[in-house]
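Each chain, written out:
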Amino acid sequence: MKRFLSCLWIGAFALPMWAADIPDRPEKLKFPPLKYDPPTGSDYRVQLKSGPVVYLVPNRELPLVSISIRVRTGSFETPSGKEGLAEMTGRLLTAGAGSRSAEDLEERLAFLAARLGASVSSTQGSVSMNLLTKDLQEGLGILREVLTTPKFQQDRIDLSKKQVIQAMKQRNDDSRGIERRERVNLLFGEKFWRTRMSTKASIDSITRKDLQAFHRDWFHPTNFVVAASGDFDRDEMKAELETLFSDWPFKGKKASGIPIDGRAFAKPGIYIVNKEVNQGRVSILLPGIQRDNPDYYAIQVMNDILGGGGFTSRITNRVRSDEGLAYSAGSSFPGGTYYPMAFFAGFQSKSRTVLFAVSIVFEEMNRIATEPVTDEEMKTAKNSFIQTFPQSFATKGQVAGAFLGEEYTGRAKGNPDYFKNYRANIAAVTKADVLRVAKKYLNPKQAVILIVGDKKAILNGHPDHPVNLKNLTSGGLIDIPLRDPFTLEPIK
């Protein structure tokens, strides 16, 4: 009995002492520093005798295997007058292979519950397969046929061309598509390869021989970088991939580098595409950086505070939360891989509040370039990068994909410790760094403002919030005519 009463007496006093250690607010909770060592690419990297570099990441948890192949090619390799060829080659690479028709191949993949995909984008080709471990041998055989002997079945070619041309009809229907198209032109100039778009004439001109030629030029093991993850033994998978890529039936061409010449960022100004819609879409652009720029980490922190951090960022809070002018508003400032990528701030707002919202974005750009950010903003922004960093390697597939990308873009060789040093580089950013890079890169007088919407209503503005256009940028007002959806020539 005495022992029981003694326990009650101790508990009565111990509980308040324990409760006193609990903060009264969740933001007062303290946690030990995050300890995490990212994986190292060299632990998974294998150079095959047949040509490709492969990253092998075994994972015995599930009876699945995933194989991803990056191909050193892209739309920049498309001959003039054949715009759309690279993308169509990617789409139709799985339209039959070897002795299988497109229909037979689709049926067999469905029976195996396997996924097979292929594409060619602006700077890379991609072929991927995901299947059960028990079907690996058959899957590798199918992958070999797709890579070496695609059928490019004529009826699928005809269907693809019809679908692309049908989609062209809608190029001017959606202001989002117009904005994206004209934004690329303003970022790079009309002579750069990124601004070359398909037309009805270029799609009509594409033949089966063109597809076969593009495929044979670039889909060769010397142009492949590969990642495999899943249920396999490392050495056995290495041997399987050696067999997959050996004795290639054609030679192909050696991949060239991504072209960087010919870029021309637009002159400052307000560029308007007149489109009769009740909301205007806005892109605010400034010259950018590449990812190896020494200012990269400071810029990432600065942009997170300015507009990249969602509801914790200034642009989102001012334009969306405080003024209610847009459903979403924010900014991005990525580091380009092959050439500089621009600063971008954007939103969509009612026509009469477009210029008012633009002026708010400029206010925030000026404020972050003239006043130090707060300690709390720095803490939130830096933690958003540091604390979420391990999520990039949460699965074995993500590990394989991360190092596949590093190898393909060259950073695995040029900066092999990027992942190892990432968090330390973010943590080293100071408030002075944020102020410095904001002053350096966020110069409103250099801004290119693209607006797609009802020109008259937008320029009339809001009676309670007048905006002087001359205060926004050093350039004038420039009209961009709508383009013919089939020829992309300006409509007069």
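Quantities reported herein were computed from a predicted structural model and do not represent experimental measurements.

### Overview of the sheet that holds strand 3 (residues 64-71)
Item 1. Read across the sheet, six strands follow the order 1-2-6-3-5-4 without closing on themselves; strand pairing throughout is mixed. Single-partner strands in this sheet number two, and they are strand 1 (45-47) and strand 4 (115-120). This sheet shows a mean twist of 15° between the axes of neighbouring strands, independent of strand direction.
Item 2. Across the sheet, helix 4 (residues 136-148) is in contact with strand 3, strand 4, strand 5 (125-132) and strand 6 (224-230); its angle to strand 5 comes to roughly 160°.

### What to know about the pattern of salt bridges
Item 1. With the rule as written, the count across this model stands at 28 salt bridges.
Item 2. The closest approach of N and O atoms between Glu407 and Arg45, which form a salt bridge, is 3.0 Å. In this pair, Glu407 sits in helix 14 (residues 396-409) while Arg45 sits in strand 1, placing the two residues 362 residues apart along the sequence.

### Section: the confidence of the model for the protein
Item 1. Mean pLDDT over the protein works out to 94, with 96% of the residues at or above the 70 mark.
Item 2. A low-confidence stretch, residues 7-13 stays under pLDDT 50, and its non-local contacts, those more than four residues away or across chains, total one contact.

### Considering the packing of helix 2 (residues 85-92) against helix 5 (residues 154-168)
Item 1. Orientation of helix 2 relative to helix 5, taken along the N-to-C sense of each, is 130°, at an axis distance of 11 Å. Taken together, the axes of helix 2 and helix 5 lie oblique to each other. Here the hand of the crossing between helix 2 and helix 5 comes out right-handed. Residues Met88, Arg91 and Leu92 of helix 2 lie in contact with helix 5, whose contacting residues are Arg156, Ile157, Ser160, Lys161 and Val164.
Item 2. Looking at side-chain class alone, the contact of helix 2 with helix 5 contains four nonpolar, one polar and three charged residues.

### Re the side chain of Glu377
Item 1. Along the polypeptide, Glu377 turns up in helix 13 (residues 375-386).
Item 2. For Glu377, the contacting residues outside a window of four places in its chain are Ile305 and Arg314.

### A look at the pairing of strand 6
Item 1. With respect to burial, strand 6 is a largely interior element, seven of its seven residues being buried.
Item 2. Burial of the side chains of strand 6 extends over both faces: Phe224, Val226, Ala228 and Gly230 are buried on one face and Val225, Ala227 and Ser229 on the other.
Item 3. Where strand 2 (residues 53-58) meets strand 6, six bridges bridge the pair, whose relative direction is parallel. Each residue of the ladder has a partner; that of Val53, found in strand 6, is Val225.
Item 4. Bridge count for strand 3 against strand 6 is seven bridges, and the pairing is antiparallel. In the strand pairing of strand 6, Val71 is matched with Phe224.

Conventions used here
Residues numbered from 1 in each chain as written. Predicted model: local features only at pLDDT ≥ 70, side-chain atom pairs only at ≥ 80, totals over all residues. Heavy atoms only, no water. Pairing = 2+ DSSP bridges. Helix = DSSP H or I, 4+ residues; strand = E, 2+ residues; numbered from the N terminus. Axes fitted to C-alpha atoms, helices over the stretch in contact; angles between N-to-C directions. Contact = heavy atoms within 4.5 Å. Salt bridge = Lys/Arg side-chain N within 4 Å of Asp/Glu carboxyl O. pLDDT = per-residue confidence, 0-100. Parallel < 35°, antiparallel > 145°, perpendicular 65-115°, else oblique. Left-handed = near helix turned anticlockwise from the far one by under 90°. Nonpolar A, V, L, I, M, F, W, Y, C, P; charged D, E, K, R; others polar. Buried < 20%, exposed > 50% of the residue type's maximum accessible area, 1.4 Å probe, protein only.

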